[in-house]
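Structural features, examined
Chain by chain, the residues run as shown.
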Number of protein chains: 2
Amino acid sequence: MSGPTTSPHPTPTPVHPAWLPDATIAPLGTGHALLLTARDETAADPVLATVETELRRAARAHGGRLSTRTDGEPGPDVRLVLATTAVHPQPLPGDAAATEHAWHALVRRVLADPGTLPPESFRLVRDAGVTVVAASSGTGLLHGLHHVARDAAARPGRAAEDTAVTDEVRSPAQAVRMLDHWDNVDVHDVMGQVERGYAGGSLFFADGALRDDLGRAEEYARLLGSIGINRVGLNNVNVHAREARLLTEGLPDVVRLAAVFRPHGIRVHLSVSFAAPMTVGGLPTADPLDPGVQRWWADVTAHVYRAVPDFGGYVVKADSEGQPGPFAYGRDHADGANLLARALAPFGGTVFWRAFVYDHHQDWRDRSTDRARAAHDHFAPLDGRFDENVVLQVKHGPLDFQTREAVSPVIAAMPRTRLAVELQVTQEYTGQQRHACYLAPWWREILDLRPWGEGPTVADVAIGDGPGGRPGALVAVSNVGDDPFWTGHPLAQANLYAFGRLAWDPTLAPEAVLDEWVGLTFGADPDVRAGVHAILDDSWRTYESYTAPLGVGFMVTPGSHYGPSVDGYEYSPWGTYHFADRDGIGVDRTRATGTGYTGQYPAPWRDVYEDLATCPDELLLFFHHVPWGHVLHSGSTVVQHVYDTHFAGVERVEEMVGTWAALAGRVPEDVHARVSERLDEQLRSAREWRDQLTTYVFRKCGVPDARGRRIY
Amino acid sequence: MSGPTTSPHPTPTPVHPAWLPDATIAPLGTGHALLLTARDETAADPVLATVETELRRAARAHGGRLSTRTDGEPGPDVRLVLATTAVHPQPLPGDAAATEHAWHALVRRVLADPGTLPPESFRLVRDAGVTVVAASSGTGLLHGLHHVARDAAARPGRAAEDTAVTDEVRSPAQAVRMLDHWDNVDVHDVMGQVERGYAGGSLFFADGALRDDLGRAEEYARLLGSIGINRVGLNNVNVHAREARLLTEGLPDVVRLAAVFRPHGIRVHLSVSFAAPMTVGGLPTADPLDPGVQRWWADVTAHVYRAVPDFGGYVVKADSEGQPGPFAYGRDHADGANLLARALAPFGGTVFWRAFVYDHHQDWRDRSTDRARAAHDHFAPLDGRFDENVVLQVKHGPLDFQTREAVSPVIAAMPRTRLAVELQVTQEYTGQQRHACYLAPWWREILDLRPWGEGPTVADVAIGDGPGGRPGALVAVSNVGDDPFWTGHPLAQANLYAFGRLAWDPTLAPEAVLDEWVGLTFGADPDVRAGVHAILDDSWRTYESYTAPLGVGFMVTPGSHYGPSVDGYEYSPWGTYHFADRDGIGVDRTRATGTGYTGQYPAPWRDVYEDLATCPDELLLFFHHVPWGHVLHSGSTVVQHVYDTHFAGVERVEEMVGTWAALAGRVPEDVHARVSERLDEQLRSAREWRDQLTTYVFRKCGVPDARGRRIY
């Protein structure tokens, strides 16, 4: 992974170990560990080899010892046992010996009655200084293994010889935990190699082809496997000509990538173009009701599964921002999605069909058209028409991954449809990995929202505990690239980590997840822990405070989406306006006087948002156009709120800079230097946001800052 | 020139003949013409071959006859004689014959006492149905030849057998009439192959190299020669790595291009990088006072002149928008320019040193810094320090080729310096050849301005009739590319034509020049003539009326500079702001309360611009920040002026569309189709400008349109 090389795609510098430095796996490697698998099991389950590799790596790094089924009598000092349930009722190594060791009895007890252990679950038992992890598959064992490491890192005071008795089964709350890559094979003219990527080039592709050296991708798969991600979309949902052919000529590339992810319990997906029957297949149409088109998808899909038997399925962005789709044939999105679903069904594959459909040639003059309405308008009427292997993938908000927006009403509108909630780990609108912005608190708010006021949360809907009881997914857009720190900003690794952990267990607190991440990544230094918490815990709200106010969104530079441009999208065709004038600002989405968008919500939100008296401050301008002098629940006016939050936001960034500076020498030098450089840019950018926003607002409304601060 | 070909750089479609269709040269080819040159003169003067080619082409196209010195007795029917003064006292063909024809006597009379004829001048004599053009060089004859054709086209009622007696000498007012190409050899990531080019790729370069087939460049040279252009800058003033090497390894390309232009009386120039001693030469410095650097430039320049003996010299953009320059070494621009001038002087070469120097990392918060001041601040103190073969090339306005701005105060500030006034034929800020915008009326205003109130005009300064008496130049950025119509918008050919004609004779009226161009290009149809006049005569003012108002400038989309973005540059580092707020708009450049820019002008303008009572309406917001309700000299308020001009501008474009539609069938079909398509876009864009400007202003100031029109 490091040092100069003569390979055609050399890895330029040593790569940061993220949350898996050797120190992290000490709990797995300081004593004597035993891996117990049944005969012939390893050949059928490649994740078992990964478990063994992890244990060997840990033993090598920390002076411990690993025994396996073929090593004979392990002796009495085994302290950690990882065992598949298939081992029972086969004899244990050492069974024939005179003495029964403590671990023997414990393993026997666990395996004799392991309980129900679905493939990704594990049972963890600790007794008399021995830890046993049992699972029905390599994937379950892998999750257990990382749990043990994580658990130890989270409690640095507690040693491995802890004698407390525990017995628990851990399972993922969410069955499908997916990361989508927006990687292109060819570098795209405008979007580059990774669309909305802020961490260098693709880990998979370089120079218009799959990389020869997939070492980085393998390390990445290890990182994802360690946090429980189990699906990866390999390519950009905006499918260009070259990438459309990953289905056909490019299939050997998919085979190689599937082999990279498979040992970590991860299935791969491809983003496909709805027009592929024409552009790739040479057919005269891509009409989903055309038998030739159906046959083409069936044949192509069978061909894919012959090459990749555990292929996950497709991801599709159709009729969206210029991508082809069923509308061209007068068909709807159920017709479109079911076309692919039926090709995938015989092989157990799933199609993730994105609900991000809107008119991106909107006329800014037309205030009645509302992009926020679009997904609900298009998809809610189709509820019940999607096949069972369709998952409708819904962006968490109705616009586009803003720093703050309402939760999409689609999530509450389709009980007879499997729904995936899509988050964005890559910081497109949240600082592009130049700003420190820990997103878990934002995701926490989204996942916790109860669309019906009481009862299931958004997370429950995704899990399958919503009104329809259909299991969906949690999906996010990845934030990694070939940058040595994976994510450009080293602290942005925390977002990737947190997404995986929240997908596994949506009840986790953001601060607890961050604590885990800091412990794994930086070790036990309490000052580092406190410093990183001080920087990241509130960083999303800090970012919000100096950017677009009160849920109004956008105000970013067109195209790049980085940095302020208050009117940048105000007269554009993209449907993202703030309508500021000398009297007020905001988008009237009420039923009474606006676009009627509030009516897409069930009660109570349809009324909470409709009424100025109950609409939350942080979404005020998302739902209402109000005078600059409108008084918020906070007691401040809108204009004074803009001034106060923007000045305060910059002050908080100044504090972040100081906090990080104080950690010099306590974190690795290269990490410190990179984060320092990013914080400098964050401070510069936050000041620019502050000055542009306050100046823009002052020039519009003419109300001076009550505290007399400098406005230009 | 036309039809499919197997060449590696095929000319894709037939090319429009611009103002030189065969019909135009009928006056040269319907009768018997005689070309008289002295023995051996043709070998030394390649333009004479061009004159002969033109006459042969005309005779072939129109059934006439051409005789030359070697063809023996031409007979009595010669009606057009082109003769060099070197012919006298050699015998004329047919001198030995019995009869002296009418033309004999006339030619003998003219050549016996031709008057003073500098190389580019010609004498035109008409008597008894015979026309004689005499000149001391091929270039003079070529100018005379095109004058004869143009003159006939301008008076379609008058036939060649006109018997009026005339005898006149015609000379260019301006000795240096130059077109700069902003062509790159390699396609630039952002700027493309031709920076600010709106007519396709370069005529010279394709695929990262000089074109194999220079046929289009030859046709272009013919067009330029016909309107009197005598210098061409071959490459972009932003000199990238590849283009910096045109000086050295790329010199064979320059040799080929010089050979293309030479037969049309045109000398070529190269834009060079000030850092070339380092980037090309490998020296450790480019310091203009370093003897090694001076030697490097001397050697390189001598090498260029060995290859291109009539090489014109260099064009330099230094210390501007990221280009290297003398500031890096603590030297000033006189040091920099003289470095190159001294390398060129032994060979008669000239350096054109651009005065476009300003801080493009300005802070928008800082209202005291004024980009408009920059050129005067940098250059006026250097007056008298430039060598005699330096021409300081000054953009006509202090900002950047806006639709309307004040005339640069540098033009009045440097009597001891040769000054070139730089215009922009390419329509960067004036509709990018998608809008019809005839620029000659704008240039006319610029050239006619009297910087000292009375006395010399701007044109006089460029000619050398200013206070210092130093001859300068008129320079413009070309608008052509490999588009079949040369300029994208066929009517934009009129701008190229007009620049050449105004450079030759700055007293020409824009309407008269347009009339010439229409006659040459479209022939004598009076409806076409009237229609094109109706579209173009006021098209610059029309464009002004629907874009940035009252001289405030910019308000264009950042980067592309096409289409409206009122705040696009308002918070940028580029120094181009309008400072609109709810109370008013405009840039205070007064001495009393603003940046002091008005003080850079001599009287009377320093006072005219300073005082609201005398500042012209069309420059009001360039010089003053005023309330929206400020009453203009026109009687309208600023805000009502914005509304009225923007609605009226769109109406005028609607009329243009109708006028052109009525010309269907009266101009070539391909021209009609292309212009129609461009007018459709102009109308769409004009409406967008209108709606964004009126909405922006209304949202800021809240004053309704007095006429109640639709504002969004």
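As a convention, each chain's residues are numbered from 1 in the sequence order in which they are written. Chains carry letters and ligands carry numbers; both start at the beginning, A for chains and 1 for ligands, and go up in the order they are written. Only residues with pLDDT of 70 or above have their local features reported here, since the model is predicted, and side-chain atom pairs are shown and tallied only from 80 upward, although totals for entire chains, interfaces and linings are computed over all residues. Water and hydrogen atoms were dropped before computing side-chain values, which therefore reflect all heavy atoms in the structure.

In this section: the state of the cysteines. The term disulfide is used for any two cysteine sulfur atoms that are within 2.5 Å. As enumerated under the stated definition, the model contains 0 disulfides over all chains in all. For the unlinked cysteine Cys701(A), the closest cysteine sulfur is that of Cys701(B), found at 15 Å. In this scheme, a residue with accessible area under 20% of its type's maximum is buried, one over 50% is exposed, and one in between is partly exposed, where area comes from a 1.4 Å probe on protein chains only. By relative accessible area, which is 5% here, Cys701(A) ends up buried.

Any two rings among Phe, Tyr and Trp, with Trp reduced to its six-membered ring, count as a pair given centres within 6.5 Å; such a pair is stacked if its planes are under 30 degrees apart, edge-to-face if over 60, and tilted if neither. Inspection of every chain in the model, using the stated rule, returns 60 aromatic pairs over all chains. Aromatic side chains Tyr305(A) and Phe311(A) sit 5.4 Å apart centroid to centroid with 85° between the ring planes, which places their arrangement in the edge-to-face category. By relative accessible area, Tyr305(A) is classed as buried at 6%. Ring centres 5.7 Å apart and planes at 75° place the aromatic pair Phe554(B) and Tyr569(B) in the edge-to-face group. With Phe554(B) in the loop between helix 18 (539–546) and strand 19 (584–585) and Tyr569(B) in the loop between helix 18 and strand 19, this residue pair connects regions lying 15 residues apart in the sequence. Given a relative accessible area of 6%, Phe554(B) falls into the buried group. Secondary structure counts use DSSP, requiring at least four H or I residues in a row for a helix and at least two E residues in a row for a strand, with both numbered from the N terminus.

Let us now look at the UniProt feature "domain: Glycosyl hydrolase family 67 C-terminal" (unreviewed entry) in chain A. When the UniProt feature table is mapped onto this chain, "domain: Glycosyl hydrolase family 67 C-terminal" (unreviewed entry) is found at residues 487–709 of chain A. The span residues 487–709 of chain A carries 50% helix and 2% strand; its end-to-end C-alpha distance comes to 36 Å. UniProt positions are given in the numbering used here, feature names are shortened, and annotations may be inferred rather than shown by experiment.

This part covers the packing of helix 10 (residues 291–307) of chain A against helix 11 (residues 333–344) of chain A. Residues and elements named next belong to chain A. Fitting a line to C-alpha atoms yields each axis, with helices limited to the stretch in contact; the angle taken between N-to-C directions then spans 0 to 180 degrees. Taken N-terminus to C-terminus, the directions of helix 10 and helix 11 make an angle of 45°; their axes are 8 Å apart at the nearest point. What the angle tells us is that helix 10 and helix 11 run oblique. Here helix 10 and helix 11 pass one another in a crossing that is right-handed. On helix 11, the residues that touch Val293, Gln294, Trp297, Ala298, Thr301 and Tyr305 of helix 10 are Leu339, Leu340, Ala343 and Leu344. Think of it as three bins: nonpolar holds Ala, Val, Leu, Ile, Met, Phe, Trp, Tyr, Cys and Pro, charged holds Asp, Glu, Lys and Arg, and polar takes everything else, Gly as well. Split into classes, the residues belonging to the contact of helix 10 with helix 11 amount to 8 nonpolar, 2 polar and no charged. Geometric relationships in this document are graded by angle, where less than 35 degrees denotes roughly parallel, more than 145 denotes roughly antiparallel, 65 to 115 denotes roughly perpendicular, and other angles denote oblique. Rotating anticlockwise by less than a right angle from the far helix to the near helix defines a left-handed crossing, while the corresponding clockwise rotation defines a right-handed one. Should any heavy atoms of two residues lie within 4.5 Å, those residues are counted as being in contact.

Between side chains of opposite charge, a pair can form when the charged atoms approach closely. Any carboxyl oxygen of Asp or Glu within 4 Å of a side-chain nitrogen of Lys or Arg constitutes a salt bridge here. Applying the stated rule across the entire model yields 96 salt bridges over all chains. Arg342(A) serves as the salt-bridge partner of Asp387(A), at 2.7 Å between the closest nitrogen and oxygen. With Asp387(A) in the loop between helix 12 (374–379) and strand 16 (390–395) and Arg342(A) in helix 11, this residue pair connects regions lying 45 residues apart in the sequence. Here Arg342(A) falls in the exposed class, since its relative accessible area comes to 54%. As a salt-bridge pair, Arg678(B) and Glu677(B) come within 3.5 Å of each other at their nearest N and O atoms. Residue Arg678(B) is classed as buried on the basis of its relative accessible area, which comes to 14%.

All names here are of chain A. Taking strand neighbours around the barrel as the criterion, the 8 strands line up as 7-12-13-14-15-16-17-18 in a closed arrangement whose pairing is parallel. On average, each strand axis in the sheet is inclined to that of its neighbour by 25°, with strand direction left out of account. Two strands qualify as a pair provided DSSP detects at least 2 bridges between them. Alignment of strand 13 (residues 267–271) against strand 14 (residues 313–316), held across 3 bridges, turns out to be parallel. Along strand 14, the bridge assignment pairs Ser271 with Val315. On top of the sheet, helix 11 reaches strand 14, strand 15 (350–354) and strand 16; it is set at about 160° to strand 15, its chief contact.

With that out of the way, let us pick up the nonpolar core. For this analysis, a nonpolar core means a set of buried residues of the types Ala, Val, Leu, Ile, Met, Phe, Trp, Tyr and Cys, connected via side-chain atoms within 4.5 Å. With 184 residues, the main nonpolar core has Phe261(B), Trp297(B), Tyr314(B), Trp353(B) and Trp517(B) as its most contacted residues. Residues within four places of Trp297(B) in sequence aside, it is in contact with Leu247(B), Val272(B), Ser273(B), Phe274(B), Ala276(B), Pro277(B), Tyr314(B), Leu339(B), Leu340(B) and Ala343(B). One finds Ala153(A), Val407(A), Tyr609(A) and Val671(A) within the second-largest nonpolar core, a separate group that totals 181 residues.

Turning our eyes to something else, we now look at the pairing of strand 14 of chain A. Along any regular strand the residues' side chains alternate between the sheet's two faces. All names here are of chain A. Here strand 14 runs beside strand 15; their pairing, made up of 4 bridges, is parallel. Looking at the pairing, Gly313 lines up with Thr350 of strand 15. Where the polypeptide runs from strand 14 across helix 11 and back to strand 15, its parallel neighbour, the crossover connection is right-handed. With its strands directed away from the observer, a crossover is right-handed exactly when the path from the first strand over the helix to the second travels clockwise.

This part covers the side chain of Glu405(A). Residues and elements named next belong to chain A. Looking at where Glu405 falls in the secondary structure, it is placed in the loop between strand 16 and strand 17 (418–424). Positive charge is attributed to Lys and Arg, negative charge to Asp and Glu, and no charge count is given to His or to the chain ends. Arg589 provides the closest opposite charge to the buried, unpaired Glu405, separated from it by 7.6 Å. Any pair of nitrogen or oxygen atoms within 3.5 Å is treated as a polar contact; in protein, a donor-acceptor pairing is required on top of that, and neighbouring residues in sequence qualify only through side-chain atoms on both sides. Only 2.6 Å separates the side chain of Glu405 from the backbone nitrogen of Leu399, close enough to count as a polar contact. At a separation of 3.2 Å, a polar atom in the side chain of Glu405 contacts the main-chain amide nitrogen of Asp400.

Residues and elements named next belong to chain A. For chain A, mean pLDDT is 95; residues scoring 70 or higher make up 97% of the total. Scored from 0 to 100, pLDDT reflects the predictor's confidence in each residue. For residues 1–12, every residue scores under 50 in pLDDT, and the model assigns this stretch 19 contacts once sequence neighbours within four places are set aside. Scored by ipTM, the complex comes to 0.88, with pTM at 0.92.

A few words now on the relation of the copies chain B and chain A. When chain B is fitted to chain A, the best match, at an RMSD of 0.0 Å, comes from turning it 180° and sliding it 0.1 Å along the axis. Expressed as an axis order, the relation between the two copies is that of a two-fold axis. For chain B, the minimum C-alpha distance to the rotation axis belongs to Lys700(B) and amounts to 2.9 Å. When you check the interface residues of chain B against chain A, 100% turn up at the interface there too, and the contact is symmetric in its surfaces. Residues below a pLDDT of 70 in either copy are left out; the C-alpha atoms of the rest, at least 70 in both, set the least-squares superposition of the copies.

Residues and elements named next belong to chain B. Multiplying 1.5 Å by the helix residue count minus one yields the expected span of that helix. For helix 15 (residues 493–504), with 12 residues, the first-to-last C-alpha span of 17 Å sits near the 16 Å given by 1.5 Å per residue. Within helix 15, 12 of the 12 residues are buried, which leaves it mostly tucked inside the rest of the structure. For helix 15, the complete set of buried residues consists of Gln493, Ala494, Asn495, Leu496, Tyr497, Ala498, Phe499, Gly500, Arg501, Leu502, Ala503 and Trp504.

Bringing the interface of chain B and chain A into the picture now. With 21 residues of chain B at the interface, the matching set in chain A holds 21 residues. Roughly 2,100 Å² of surface becomes buried between chain B and chain A when both sides are summed, with 47% attributable to carbon and sulfur atoms. Put simply, chain B and chain A have 6 salt bridges between them. A salt bridge links Arg365(A) to Asp691(B); the shortest N-O distance between them is 2.5 Å. Throughout, buried area stands for the accessible area (probe radius 1.4 Å) lost by two parts on being put together, summed over both.

This part is about the domain arrangement of chain A. Residue and element names in this part refer to chain A. Assigned domains within chain A: domain 1 (22–170), domain 2 (177–506) and domain 3 (544–701). What fixes the domain bounds is an automatic or database domain assignment. Of note, the centres of domain 2 and domain 3, computed from C-alpha atoms alone, are 27 Å apart. Between domain 2 and domain 3, the residue contacts involve 48 residues of the former and 46 residues of the latter. Across the domain 2 to domain 3 interface the summed buried area is about 4,000 Å²; carbon plus sulfur atoms make up 59%. Interface area lost by domain 2 to domain 3 is led by Trp364, Arg404 and His435, which between them contribute 18%. Remark: the boundary between domain 2 and domain 3 carries 3 salt bridges. At the boundary of domain 2 with domain 3, the tally comes to 22 residue pairs in polar contact (both at pLDDT 80 or more). A breakdown of the residues in the side of domain 2 that touches domain 3 according to their chemical character gives 18 nonpolar, 14 polar and 16 charged.

A few words on the environment of Glu544(A). Residues and elements named next belong to chain A. Tracing the sequence through the fold places Glu544 in helix 18 (residues 539–546). Along the chain, Glu544 and Thr430 lie 114 residues apart, while their C-alpha atoms are 8.3 Å from each other. Every residue in contact with Glu544, bar those within four places of it in the chain, is listed here: Thr403, Arg404 and Glu618.

What follows deals with the packing of helix 18 of chain B against helix 21 (residues 638–661) of chain B. Residue and element names in this part refer to chain B. Running from amino to carboxyl end, helix 18 crosses helix 21 at an angle of 135°, the nearest separation of the two axes being 7 Å. What the angle tells us is that helix 18 and helix 21 run oblique. Here helix 18 runs over helix 21; the crossing is left-handed. Facing helix 18, whose interface residues are Arg541, Thr542, Ser545 and Tyr546, helix 21 presents Thr645, His646, Gly649, Arg652, Val653 and Met656.

The strands that make up a sheet pair up through hydrogen bonds in the backbone, lying either parallel or antiparallel. Residue and element names in this part refer to chain A. Across the sheet, which stays open at both edges, the 6 strands sit in the order 2-1-3-5-4-6 with mixed pairing between neighbours. The two strands at the open ends of the sheet, each matched to only one other strand, are strand 2 (65–68) and strand 6 (166–170). Strand-to-strand twist in this sheet, taken as the mean axis angle between neighbours without regard to direction, amounts to 15°. As paired elements, strand 4 (residues 122–127) and strand 6 share 5 bridges and run antiparallel to each other. Residue pairing across strands places Arg126 opposite Thr166, the latter belonging to strand 6.

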